[in-house]
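Report on the structure
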Amino acid sequence: MEFPKDAIYKNIILSKLAPIAVIQLHRPEALNSLSRELMSELASCLEELDDDGSVNAVIITGGEDVFAAGADIKEMVSSSMVDMVRTDSFNVWDRIRRIRKPMIAAVNGFALGGGCELAMICDIIIASETAKFGQPEINIGVMPGAGGTQRLTRSVGKHRAMQLVLTGQMLSADEAMKWGLVNNVVPPEVCIVEAIRLAKVIASKPAKAVILAKEAVNQSFDLPLSEGLKFERRNFYTLFSSEDQKEGMKAFIEKRTPKWKGK
């Protein structure tokens with residue numbers, strides 16, 4: 001599916017289809033492996049979109065053939081522990097984690113290692129029937145380092161995550177769906193179409209409520225239940241200072257479609 005190209009970086013392509021945006025990873029010669037440069041571009045682009053009032057939801061895709069086949073091993077093969085600590089290449093993942101607007105991964109083909117971790121850092125995963133997920137780092141003498149052991153465990157449970165991490169096994173799209181890793185599996189030709197459809201539904205909702213709801217769901221993984229409930233309640237109360245809360249409730253009572261202002 002072709003999109004207008006609003007910004008072409010060296011390793012990614014941004015298309016704005018307001019109120020959504022599509023970011024395509026673009027290193028076809030390397031199966032979209034996640035080089036430091038690509039990840040830096042991706043984080044910067046997402047941060048700009050997070051501040052863009054015309055965009056309410058973002059899709060990340062790798063195109064029709066592959067999502068991302070993992071980290072760029074050539075960049076790491078000769079690194080020492082000191083090198084890894086000094087460069088702190090995982091800081092960029094923290095920048096992506098802090099993006100407030102909803103992100104949807106549209107996955108065709110391989111989403112392995114860092115590719116699987118990138119899909120999991122998104123809020124929703126739409127997988128095509130060709131998708132393959134896995135954390136095969138064990139096969140090259142290391143382990144997941146960008147959240148794979150943590151997010152995978154939260155998605156599929158301890159025992160299944162242990163199996164995937166310790167064996168390097170790949171999951172088909174249907175298996176990933178069965179195990180709770182992805183939201184939906186669709187034919188390859190409609191993967192991005194379904195992601196766009198879902199993104200537009202989310203983007204049509206009041207923007208502040210979407211952001212605070214995403215924040216509260218994410219906190220459920222980090223806080224004890226009692227603290228998570230307090231966080232949820234705080235965000236709920238906060239929305240009563242928004243114009244959209246007044247409009248949404250008034251429209252409900254008047255039996256009409258609300259007109260959101262994003263305020």
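If you're wondering where the values come from, they're calculated on a predicted model, not measured in any experiment.

**Considering the overall build of the chain**
Across its full length, the chain carries twelve helices and ten strands. Over its C-alpha trace the chain gives a radius of gyration of 19 Å, about what one expects of a compact globule, namely 18 Å for 263 residues. Each principal axis of the C-alpha distribution contributes one length, and for the chain these read about 65 × 45 × 40 Å. Each of the 263 residues in the chain was classed as buried or not, and the buried ones make up 44%. Long-range contacts, defined as pairs at least 24 residues apart, comprise 64% of the intrachain contacts of the chain with a sequence gap of at least 6. Summed over all atoms, the accessible surface of the chain reaches about 14,000 Å², with 57% contributed by carbon and sulfur. Between the centroid of the 33 positive side chains of the chain and the centroid of its 33 negative side chains there is a distance of 7 Å.

**Section: the side chain of Asp-244**
Examined against the element boundaries, Asp-244 turns out to sit in helix α12 (residues 243-253). Put simply, Asp-244 is tucked away with no salt bridge, and the nearest opposite charge, on Lys-261, sits 7.3 Å away. Excluding residues within four positions of it along the chain, Asp-244 makes contact with Pro-206, Ala-207, Trp-260, Lys-261, Gly-262 and Lys-263.

**What to know about unusual backbone geometry**
Residue Ala-18 is joined to Pro-19 through a cis peptide bond whose omega torsion reads 15°. Looking at the secondary structure, you find Pro-19 in the loop between β2 (12-17) and β3 (20-25). At Lys-255, a position not held by glycine, the phi torsion is positive, near 55°. Within the fold, Lys-255 resides in the segment after α12. On the basis of relative accessible area, Lys-255 is assigned to the exposed category, the value being 77%.

**Brief notes about a negative patch on the surface**
There is a patch of like negative charges on the surface, built from Glu-129, Asp-174, Glu-175 and Glu-189. Within the secondary structure, Glu-189 is located in the loop between β10 (184-186) and α9 (191-203).

**Some words on the packing of helix α5 (residues 114-121) against helix α6 (residues 148-156)**
Between α5 and α6, the least distance of the axes is 10 Å, while the angle of their chain directions is 55°. Here α5 is positioned oblique relative to α6, judged by the angle of their axes. Between α5 and α6 the crossing geometry is left-handed. Counted together, Glu-117, Met-120 and Ile-121 of α5 and Gly-148, Arg-151 and Leu-152 of α6 form the full contact between these two elements. Its residues placed into classes, the contact of α5 with α6 shows three nonpolar, one polar and two charged.

**Details of the pattern of salt bridges**
Enumeration according to the criterion identifies 14 salt bridges in this entry. Ionic pairing is found between Asp-52 and Lys-16, a salt bridge with its closest N-O pair at 2.6 Å. You can see Asp-52 sitting in the loop between α1 (36-50) and β4 (57-61) and its partner Lys-16 sitting in strand β2, a full 36 residues away along the chain. When its relative accessible area of 16% is taken as the criterion, Asp-52 is described as buried. Here Arg-234 makes a salt bridge to Glu-215, at a shortest N to O gap of 3.9 Å. With Arg-234 in helix α11 (residues 225-238) and Glu-215 in helix α10 (residues 207-219), this residue pair connects regions lying 19 residues apart in the sequence. One continuous salt-bridge network, built from bridges that share partners, spans Arg-27, Glu-29 and Asp-72.

How each quantity is defined
Residues numbered from 1 in each chain as written. Predicted model: local features only at pLDDT ≥ 70, side-chain atom pairs only at ≥ 80, totals over all residues. Heavy atoms only, no water. Helix = DSSP H or I, 4+ residues; strand = E, 2+ residues; numbered from the N terminus. Rg over C-alpha atoms; globule rule 2.2 N^0.38 Å. Buried < 20%, exposed > 50% of the residue type's maximum accessible area, 1.4 Å probe, protein only. Contact = heavy atoms within 4.5 Å. Areas by Shrake-Rupley, 256 points an atom, 1.4 Å probe, with all protein chains shown as cover. Lys, Arg positive; Asp, Glu negative; His and termini not counted. Charge placed at Lys NZ, Arg CZ, Asp CG, Glu CD. Salt bridge = Lys/Arg side-chain N within 4 Å of Asp/Glu carboxyl O. Patch = residues over 30% accessible without salt bridge, like charges linked within 9 Å, V, L, I, M, F, W, Y side chains within 5 Å. Axes fitted to C-alpha atoms, helices over the stretch in contact; angles between N-to-C directions. Parallel < 35°, antiparallel > 145°, perpendicular 65-115°, else oblique. Left-handed = near helix turned anticlockwise from the far one by under 90°. Nonpolar A, V, L, I, M, F, W, Y, C, P; charged D, E, K, R; others polar.

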